[in-house]
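What follows is the residue order along each chain.
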Amino acid sequence: MTKRTVANNFLYYIFCGFSGAVTSLIVWLFLKLMGLGIGLVWDTIPSNFDFKFYPIIVCTAGGIILGIWQKLTNAVPDELDEVMKKVKKDKFYPYNKVLLLCISALLPLVFGGSLGPEAGLTGVIVGLCYWAGSHMKDAKSKIPELMQIGISATLSAVFYAPLFGLASVNEERLDSEEKPTDIRSTKLISNIIAVLFAAGTLFLLNSIFGGSMGLPRLGGYNITNFERLWGIPLALLGAVCGFLFIISSKIFGKFFALIQGKLGIIISTTLGGIILGVMGTYLPLTMFSGEESITVVKESFAEFAPCILIISGVLKLVLTNICIKSGWKGGHFFPVIFCGVSIGYGVAMLGGLDTAFCAAVVTAGLLGVTMKKPLAVTMLLLLCFDARVIPWILLAAFLGSIIPTKIFGNNKKKAK
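First, a word on scope: everything that follows refers to the structure included in this document. None of the values given here were measured: they were computed from a predicted structure.

For the chain, the count of helices and strands is 17 helices and zero strands. Counted over contacts in the chain with a minimum sequence separation of 6, partners at least 24 positions apart contribute 80%. With an accessible surface of roughly 19200 Å², the chain has 68% of that area assigned to carbon and sulfur atoms.

This is how it looks when you write it as structure tokens:
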């Protein structure tokens, strides 16, 4: 390796670190604006009066505003998988509407959508990566790496989980029919540098200005042989919930596609807002991303009937898809994690099991189905759960990831 090559690699790594820091700054600003908007709409305004059906009014109004905004701007955020598919297919991601996409991603979150912020942010960051590739002389050839770095840094900053940011992008999908790609050492190093700079920048910003530090931790484990006997059934329960998420996604995808084709996007987003508002009025835990609701369940689960926690978790799985498919675009990671925790706590209360253990295994099985990346699921759930349940999390995530693959694979073979 020549001195010039070493110098070029060093400069590239510096650029990767800078990219991670900028990505983290964008994520922090977005989350800060989201928090301020939610506080204004859901805390400041309703503090002046007491009206039971306030969520219905706000969510309906939010649906109308969101539909009009999308119709006027045609700026609709893509989910993470959609971003990856577009990049893979077109070798490009549009960046001419980055600011409009930020607003489009922010609106459904402020109005109480059962969504996470990662989807809209991922599209924005990937768009900026392609902008950099188009306007910077030496960056064009490295666009795929820049995109991967951007996604890793975004997920690391959103979840405050550097290991998840690395694993989620680099882990080979178990259901992929393509050959695994060769991960070069330079690509891995650039990802690690970007993720570390992203995490460090976020930590610095939160320390100075305040902000969220990731998902809450769930402790208090008392794992006995009785819990261990329930490990596999709980993992399968999580997988069943994952199937519900996938099935509801397909059902409501077709339903709202029909509505949008016949009646337009405004009617679709308004209907989604009405359903969200009605469900939120009677089951408040089904609204928002679920991060703060996990804390509520953790600290006050004894105040809830087990069936309420289970029903809230199950309905939120469906509601998240209703939001996404109706035009309330956003991510599903945060809501799905809450669903697993809520269902796990409810089952634990019914069966006299350790609550944190049940929540960990059910959530891992659920995420295993929806993500199909056991290692990434494990890295993500380390935010919430103690290291002593890692084997059970990994097992549940693995079971969840392979069960749907085998079933759908058999169906494909039969079709052939």
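And the narrative resumes.
Turning next to the nonpolar core. With 95 residues, the main nonpolar core has Trp42, Phe159, Phe164, Val341, Leu367 and Phe385 as its most contacted residues. The next biggest cluster of nonpolar side chains, apart from the first, holds six residues, and it includes Tyr12, Tyr13, Ile149 and Ala194.

The backbone of Asn74 shows a phi angle near 55 degrees, a positive value even though the residue is not glycine. A residue is classified by how much of its surface remains accessible, and Asn74, at 56% relative accessible area, is exposed.

Turning to the packing of helix H13 (residues 306–326) against helix H14 (residues 333–351), a few remarks are in order. Relative orientation of the contacting elements H13 and H14 amounts to 155 degrees, with a least axis distance of 7 Å. Comparing their axes, H14 and H13 come out roughly antiparallel. Helix-helix and strand crossings are classified by hand; for H13 and H14 the assignment is left-handed. Here H13 contributes Pro306, Leu309, Ile310, Ser312, Gly313, Val314, Lys316, Leu317 and Thr320 to the contact with H14, which in turn contributes Pro335, Val336, Phe338, Cys339, Ser342, Ile343, Tyr345, Gly346, Val347, Met349 and Leu350.

What follows covers the environment of Gly63. Within the element layout of this structure, Gly63 appears in helix H2 (residues 54–73). Accessibility expressed as a relative area gives 0% for Gly63, which makes it buried. Considering only alpha carbons, one finds Gly63 and Ile265, 202 residues apart in sequence, at a separation of 9.7 Å.

This part is about the side chain of Ser312. Its place among the elements puts Ser312 in helix H13. You can call Ser312 buried: its relative accessible area is 1%.

This part covers a nonpolar patch on the surface. Judged by side-chain polarity, Leu40, Ile45, Phe49, Phe51, Phe53, Ile57, Ile274, Val278 and Tyr282 come together as a nonpolar surface patch covering roughly 800 Å² of accessible area. The biggest single contributor to the nonpolar patch is helix H11 (residues 265–282), with three residues. Take Leu40: it is sitting in helix H1 (residues 3–44). Looking at Leu40, the relative accessible area reads 46%, which means it is partly exposed.

Criteria and cut-off values
- Residues numbered from 1 in each chain as written.
- Predicted model: local features only at pLDDT ≥ 70, side-chain atom pairs only at ≥ 80, totals over all residues.
- Heavy atoms only, no water.
- Helix = DSSP H or I, 4+ residues; strand = E, 2+ residues; numbered from the N terminus.
- Contact = heavy atoms within 4.5 Å.
- Areas by Shrake-Rupley, 256 points an atom, 1.4 Å probe, with all protein chains shown as cover.
- Core = buried A, V, L, I, M, F, W, Y, C linked by side-chain atoms within 4.5 Å.
- Buried < 20%, exposed > 50% of the residue type's maximum accessible area, 1.4 Å probe, protein only.
- Axes fitted to C-alpha atoms, helices over the stretch in contact; angles between N-to-C directions.
- Parallel < 35°, antiparallel > 145°, perpendicular 65-115°, else oblique.
- Left-handed = near helix turned anticlockwise from the far one by under 90°.
- Patch = residues over 30% accessible without salt bridge, like charges linked within 9 Å, V, L, I, M, F, W, Y side chains within 5 Å.
- Salt bridge = Lys/Arg side-chain N within 4 Å of Asp/Glu carboxyl O.

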